[in-house]
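Descriptive structure summary
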Amino acid sequence: MSMEKKGGSLLWKIGLGFSCGIVFGFAVGPMVPVTPILGNYVMPFLDIVGRIFLTLLRMIIVPLVFTSIVVGAASIGDPKKLGRIGVKTLALYLSTTAAAIVIGLALANLIRPGLGMNIAGATAAPLAGKPLLEVLIDIFPPNPFDSMVRANMLQIIVFALFFGVAATLAGEKGKRIVGAFDSVAETMYSMTFMIMNLAPYGVFALIAMTAARHGPAILAPFIKVIFAVYFGCFLHAVIVYSGMISLYCKRSPIWYFKGIREAMLTAFVTRASAATLPVTIANTRKNLGVSEGVSSFVLPLGATINMDGTALYQGVCAMFVAQAFGIDMPLSAQVGIVVTATLASIGTAGVPGGGLIMLTMVLTSAGLPIEGIGLVAGIDAVLDAARTCINVTGDTAVAAVVAVSEGETLA
Ligand code: ASP
């Protein structure tokens, strides 16, 4: 079963599930508290369907990431080449993330979403967070099996890289295990396609739940924040990613966005980069033509540390909170936000709402009141959809650039 052949009709079905879910959610939302059959049966049923769909996507992640990175590292073979790709990937990830925050801050300064809200009486919380050194030490797994059980992606990536390089150095015997892992990775891809056939139903359930819970009215006061984040994400995609694809890869942005549309849509509805990873890898390999070696190294790393949409959102929200609480943010303070939001986005888990948790770090280090979290939490699901979509898109753009820089020809 090929994703390209089925892609078109599946995409329509997912779109249909999405639209029907929104209409259904808005329609039944107000009736849920007063209609026992909705509250006791229909909504819990939708909750189950949505959660099973998400769990199925998550089920693939650990075996897929581990085996595909081992195969990727082994197929790159030469540790020097792996190091070169690693440095390029990190540099691109960091610079695109910083660009995203600048776009977010610029829009928040222009649109001023929090102006006139006049919320007072809050105090900034003391700085909290893990020391940088601890973060660094923590990426090395003391027990790789434990890392897999806990789905600690950075530790899994580090162990897989060691494993892949070591297997190459082990010669003939190493090749056998790489071949076996290659079969596992392929099997996990085909499992991804099976699960994606359930996407229209999963998407319907997830969106219907969100729409019923929040309703159209709750969006009104925060429409400017939503606009700033959505428009910022759009600009980032059009300026930065299209620029990378057309100027460096010499390909049309339309071809590129068409190639990764399933991944973008999956990210939008699941709000989880990690859960989207199997689709991201499939799209990038099959539709963009990025090699297995590059994609299986760049994409899992990106799903773990590269979050342009999250960083952009954190920039917008920090300014929104400052404006809402009437706190002046000079340029120097905004430069500080660029640095902390970059770090925060690296530390954000690729799960729904991960960015909201890390927003506390951005707010506290900028001296802004932590109470601001309460302001944005209500609309976080809506913002999460756009930022996750951009998080995933950013990974694929970097994968394409790294592939071209390594002399590969795209599809
Ligand atoms: N949901 C986002 C992701 O998975 C993370 C975030 O909440 O910003 O990429």
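Quick notes on the rules
- Residues numbered from 1 in each chain as written.
- Predicted model: local features only at pLDDT ≥ 70, side-chain atom pairs only at ≥ 80, totals over all residues.
- Heavy atoms only, no water.
- Helix = DSSP H or I, 4+ residues; strand = E, 2+ residues; numbered from the N terminus.
- Rg over C-alpha atoms; globule rule 2.2 N^0.38 Å.
- Buried < 20%, exposed > 50% of the residue type's maximum accessible area, 1.4 Å probe, protein only.
- Contact = heavy atoms within 4.5 Å.
- Areas by Shrake-Rupley, 256 points an atom, 1.4 Å probe, with all protein chains shown as cover.
- Lys, Arg positive; Asp, Glu negative; His and termini not counted.
- Charge placed at Lys NZ, Arg CZ, Asp CG, Glu CD.
- Polar contact = N/O pair within 3.5 Å; in protein donor to acceptor, adjacent residues only side chain to side chain.
- Phe/Tyr/Trp six-rings, centres within 6.5 Å; stacked < 30°, edge-to-face > 60°.
- Salt bridge = Lys/Arg side-chain N within 4 Å of Asp/Glu carboxyl O.

Things to note about the overall build of the chain
Broken down by element type, the chain carries 18 helices and zero strands. Against the compact-globule benchmark of 22 Å for 411 residues, the chain has a radius of gyration of 21 Å, which places it among compact chains. In terms of overall dimensions, the chain has a C-alpha envelope of 70 × 55 × 45 Å along the principal axes. Counting over 411 residues, the chain shows a buried share of 52%. Within the chain, counting contacts between residues at least 6 apart in sequence, those at least 24 apart form 82% of the total. Surface accessibility of the chain: about 17,600 Å² in total, with carbon and sulfur atoms responsible for 72%. The distance from the centre of the 25 positive side-chain charges to the centre of the 19 negative ones in the chain is 6 Å.

A closer look at the environment of Q334
Tracing the sequence through the fold places Q334 in helix 15 (residues 331–347). By relative accessible area, Q334 is classed as buried at 8%. For the pair Q334 and A318, spaced 16 residues apart in sequence, the C-alpha separation works out to 9.2 Å. Apart from residues no more than four positions distant in its own chain, Q334 is found in contact with L105, N109, M319 and M329. Engagement of the side chain of Q334 in a polar contact is seen with the side chain of N109, the distance being 2.9 Å.

Here we look at the packing of aromatic side chains
Within the structure shown, the criterion is met by ten aromatic pairs. Seen from their ring centres, F227 and F231 are 5.4 Å apart, and the 10° between their planes marks the pair as stacked. Within this pair, F227 and its partner F231 are both found in helix 9 (residues 223–248), separated by four residues, close to a single helical turn. You can call F227 partly exposed: its relative accessible area is 45%. With 6.4 Å between their ring centres and 20° between their planes, F231 and F234 make a pair best called stacked. Placement of the pair is F231 and F234 together in helix 9, with a separation of three residues, close to one helical turn.

What to know about the pattern of salt bridges
For the coordinates displayed, the defined rule picks out nine salt bridges. Across the pair D47 and R51 runs a salt bridge whose closest N-O atoms are separated by 2.9 Å. A residue pair is termed a helical-turn pair when its members lie 3 or 4 positions apart in one helix, as D47 and R51 do in helix 2 (residues 36–76) at four residues. By relative accessible area, R51 is classed as exposed at 54%. Shared partners join several salt bridges into a network, and the residues in it are R271, D380, D384 and R387.

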